[in-house]
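# Structural description and commentary
Chain by chain, the residues:
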Amino acid sequence: MDYSYDQWAQLMPIYDQSKKRKKIQEDDAYGPKIRHPSHLCLNGALFDKEKDKKTPTRYAQMYRDILLRYPRSQFRSLEEEKVGFKVFQISRWLLKHNPEYKEHYRGSTSHIKNKVSHVENRVKRYLDNLESWGLIGVQKREVKPNGLSTPLYGFSPLGAIIIWAMEYRDNPSKRETAKHQIYLWIQRMFHKSNSIMYEFIAKTYQKFMEYDKKHEPGFFDTIITNLIRAIEDDKLQFNNAIQYLSHAFDLVLRGAKTRVKAHELYREALDEFSEDDRKTIMYIEKDIIENEFTVNQPPRSWTKAWVENRMNHDKLVLYAVCEKNYSHRFPIVVNYYDYRKFKSLSPYRYLEAKTACLECHDNVQTRIYDSLDIPSQDSE
Ligand SMILES: [Zn+2]
């Protein structure tokens, strides 16, 4: 997963035009013939709207009805968290709750089993898509005496997070519950792995939540609203659903209203680790930041300073530009904590600092960049 907090210059999400969503074919089917559009990706699928820009499309409605069964039938869900749910159960739920199916079978005297058998194959295809997006997974298979097996599905932590985000958006009375559940699932997701960076991220979320509870109600909500916005944005397409969460987290760390506090909490989280772990985290961060230079053929002066500081986990080798004369450029070593702090304060792409210019032979105002992507004087 890419948690490069440091691409702050790219405040706007990158839209990959080559992956533009294919135009969704009109689905003429009615009732049980709601076809699954196989080429849809997550954001389009859940929040796609009709031309009126308000009504969800049929398939968006179908996906949402499948997912919302989870928060809206809490008791069953708790049981199912252990054993999983079957296509049959989801189908029954859809027959009762999906507007098109309800309308189609209005007044029908057909037995529920018959109705389910009509819709099951389609429901299965919708579930296949949800599985490919990482929202659900087959937990186990129930093998019958005749040898046929029935898959039992379960939600992934990420699936649960997305579902609760939808509930947060659509159901104001459940907002607090949804927020709490999102927090719990994030913690579960990151604690399951034994990666130190995941632990660090989990700890940072924990700090955000504590601060929200004690000092600024709504602070944690900014992550959720960013997440919802990212999933709704049909221009924003990530291959992997976890990148939506990463993107939402990034926006809080960089957002004008949240970044100063986010930085403080980030720092607090870091300081709670043992010295060895803290060093490891900083080494990884240093690596990500300096990698912006190393992959872009940096000048010799920079590589020299970089080699000299290889073993200093708390030192970053960046690049400074003299404000008196833009052609005066030189590597500069910055303390990791200072870098984080000033970055959260700086409204610019660069950090401002007073330091000795090697060519002016004087202390001058400089701009410190954390990549070699330095604009020419005219463009700033
Ligand atoms: Zn100078």
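Residues numbered from 1 in each chain as written. Predicted model: local features only at pLDDT ≥ 70, side-chain atom pairs only at ≥ 80, totals over all residues.

### Quick word on the overall build of the protein
Put simply, the rule is: Here a helix means four or more residues in a row that DSSP labels H or I, a strand means two or more in a row labelled E, and each is numbered from the N terminus. The burial criterion counts other C-beta atoms lying within 10 Å of a residue's C-beta, which is placed from the backbone; the residue is buried at 20 or more, exposed at 12 or fewer, and partly exposed between these limits. Here the contact rule is simple: place C-beta atoms from the backbone, and any two residues whose C-beta atoms are within 7 Å are in contact.
Along the protein, the regular secondary structure elements total 15 helices and 6 strands. Burial status across the protein gives 34% buried among its 380 residues. In the protein, the share of contacts with a sequence separation of at least 24, taken over all contacts with a separation of at least 6, comes to 59%.

### So, helix H10 (residues 221–232)
Count 3.6 residues to each turn of an α-helix, and residues three or four apart come out pointing the same way. Heads up, the rule is: A helix is expected to span 1.5 Å for every residue after the first. As used here, the arc is the angular range of directions from the helix axis to the C-beta atoms.
With 12 residues, H10 extends 16 Å from end C-alpha to end C-alpha; this agrees with the ideal 16 Å at 1.5 Å per step. Regarding H10, the residues found buried are Ile223, Ile224, Asn226, Leu227, Ala230 and Ile231. One face of H10 carries all of its buried residues, which in axial projection span an arc of 165°.

### Describing the nonpolar core
Put simply, the test is: Each nonpolar core consists of buried Ala, Val, Leu, Ile, Met, Phe, Trp, Tyr and Cys residues. Their C-beta atoms, within 7 Å, join them into a set.
Ranked by size, the top nonpolar core spans 67 residues in total, and within it Tyr63, Ile161, Ala165, Ile182 and Leu227 carry the most contacts. By residue number, the principal contributor to this core is helix H7 (residues 157–170), which donates 9 residues. Once residues lying within four places of it in the same chain are set aside, the contact partners of Tyr63 are Ala45, Leu46 and Tyr126. Among the nonpolar cores identified, the runner-up in size contains 18 residues, and Trp302, Tyr319, Ala320 and Tyr339 belong to it.

### With respect to the packing of helix H2 (residues 58–72) against H7
We apply this condition: Helix axes use the C-alpha atoms of the stretch in contact, all axes being lines fitted to C-alpha atoms, and the angles between their N-to-C directions lie in the range 0 to 180 degrees. Angle categories are assigned with fixed cut-offs, so that under 35 degrees is roughly parallel, over 145 is roughly antiparallel, 65 to 115 is roughly perpendicular, and the rest are oblique. In the scheme used here, Gly and all other residues not listed as nonpolar or charged are polar, with Ala, Val, Leu, Ile, Met, Phe, Trp, Tyr, Cys and Pro taken as nonpolar and Asp, Glu, Lys and Arg as charged.
Contact geometry of H2 with H7 gives a least axis separation of 9 Å together with a crossing angle of 90°. The angle between H2 and H7 places the two elements in the roughly perpendicular class. Counting all contacts with H2, which are made through Arg64, Leu67, Leu68, Tyr70 and Pro71, the residues of H7 involved are Ile163, Trp164, Met166 and Glu167. Across the contact of H2 with H7, the residue classes break down as 7 nonpolar, no polar and 2 charged.

### Quick notes on the pairing of strand S6 (residues 362–369)
The condition is simple: In this description, strands pair whenever DSSP reports at least two bridges between them.
In the sheet, strand S3 (residues 315–322) pairs with S6 via 4 bridges, with the strands oriented antiparallel. What sits directly across from Val321, in S6, is Arg367. Pairing between strand S5 (residues 351–357) and S6: 7 bridges, direction antiparallel. In the strand pairing of S6, Leu351 is matched with Ile368. Hairpin connection between S5 and S6: a loop of 4 residues separates the two successive antiparallel strands, and His361 in this loop has a positive phi of roughly 50°.

### Quick notes on the sheet that holds strand S4 (residues 329–335)
The strands that make up a sheet pair up through hydrogen bonds in the backbone, lying either parallel or antiparallel. In space, the 4 strands of this open sheet follow the order S4-S3-S6-S5, with antiparallel pairing throughout. Here the strands that pair on one side only, and so sit at the sheet edges, are S4 and S5. Averaged over all pairs of adjacent strands, the angle between their axes in this sheet comes to 50°, without regard to strand direction. Sitting on the sheet, helix H15 (residues 336–345) is in contact with S3, S4 and S5, with an inclination near 100° to S4.

### Topic: the confidence of the model for the protein
To keep things clear, this is the line we draw: Every residue gets a pLDDT, meaning the predictor's confidence in that residue, from 0 to 100.
Looking at the protein as a whole, the pLDDT averages 81, with 84% of positions reaching at least 70. Across the protein, helix H14 (residues 300–308) holds the top mean pLDDT of 94, while helix H3 (residues 74–83) sits lowest at 64. Counted against residues more than four places away or in other chains, residues 1–39, with its pLDDT under 50, gives 59 contacts.

### What to know about unusual backbone geometry
Although it is not a glycine, Gln297 adopts a positive phi angle of roughly 45°. By secondary structure assignment, the location of Gln297 is in the loop between helix H13 (275–294) and H14. By the C-beta count within 10 Å, which is 9 here, Gln297 ends up exposed. At His361, a residue that is not glycine, the phi angle is positive and equals roughly 50°. Tracing the backbone through its elements, the reader meets His361 in the loop between S5 and S6.

### Quick look at the pairing of strand S1 (residues 136–143)
Looking along a regular strand, one sees side chains alternate from face to face of the sheet. Pairing of S1 with strand S2 (residues 149–155) involves 7 bridges; the strand directions are antiparallel. Pairing of Gly137 across the sheet is with Gly154, part of S2. The hairpin formed by S1 and S2 contains 5 residues between the paired strands, and Gly147 there has a positive phi angle of roughly 95°.

### Some thoughts on the environment of Asn226
On the secondary structure map, Asn226 appears in helix H10. C-beta crowding within 10 Å serves as the criterion here: with 20 such atoms nearby, Asn226 is assigned to the buried category.

### Observations regarding H7
Across its 14 residues, H7 extends 20 Å between first and last C-alpha, which sits within 8% of the 20 Å expected from 1.5 Å per residue. Of all the 14 residues making up H7, 11 are buried; the element is thus mostly covered by neighbouring parts of the structure. Restricting attention to buried positions, one finds in H7 the residues Leu158, Gly159, Ala160, Ile161, Ile162, Ile163, Trp164, Ala165, Met166, Glu167 and Tyr168.

### Focus: the packing of helix H9 (residues 196–214) against helix H12 (residues 259–271)
Selection rule: Here a crossing is taken to be left-handed if its near helix is turned anticlockwise relative to the far helix by less than a right angle, and right-handed if that turn runs clockwise.
Viewed as axis vectors pointing N to C, H9 and H12 meet at an angle of 125°, and their least axial separation amounts to 9 Å. Taken together, the axes of H9 and H12 lie oblique to each other. For the crossing formed where H9 meets H12, the hand is right-handed. For the pair H9 and H12, contact is made by Phe200, Lys203, Thr204, Lys207, Phe208 and Tyr211 and by Lys261, Leu265, Tyr266, Glu268 and Ala269, respectively. Broken down by class, the residue content of the contact of H9 with H12 amounts to 6 nonpolar, 1 polar and 4 charged.

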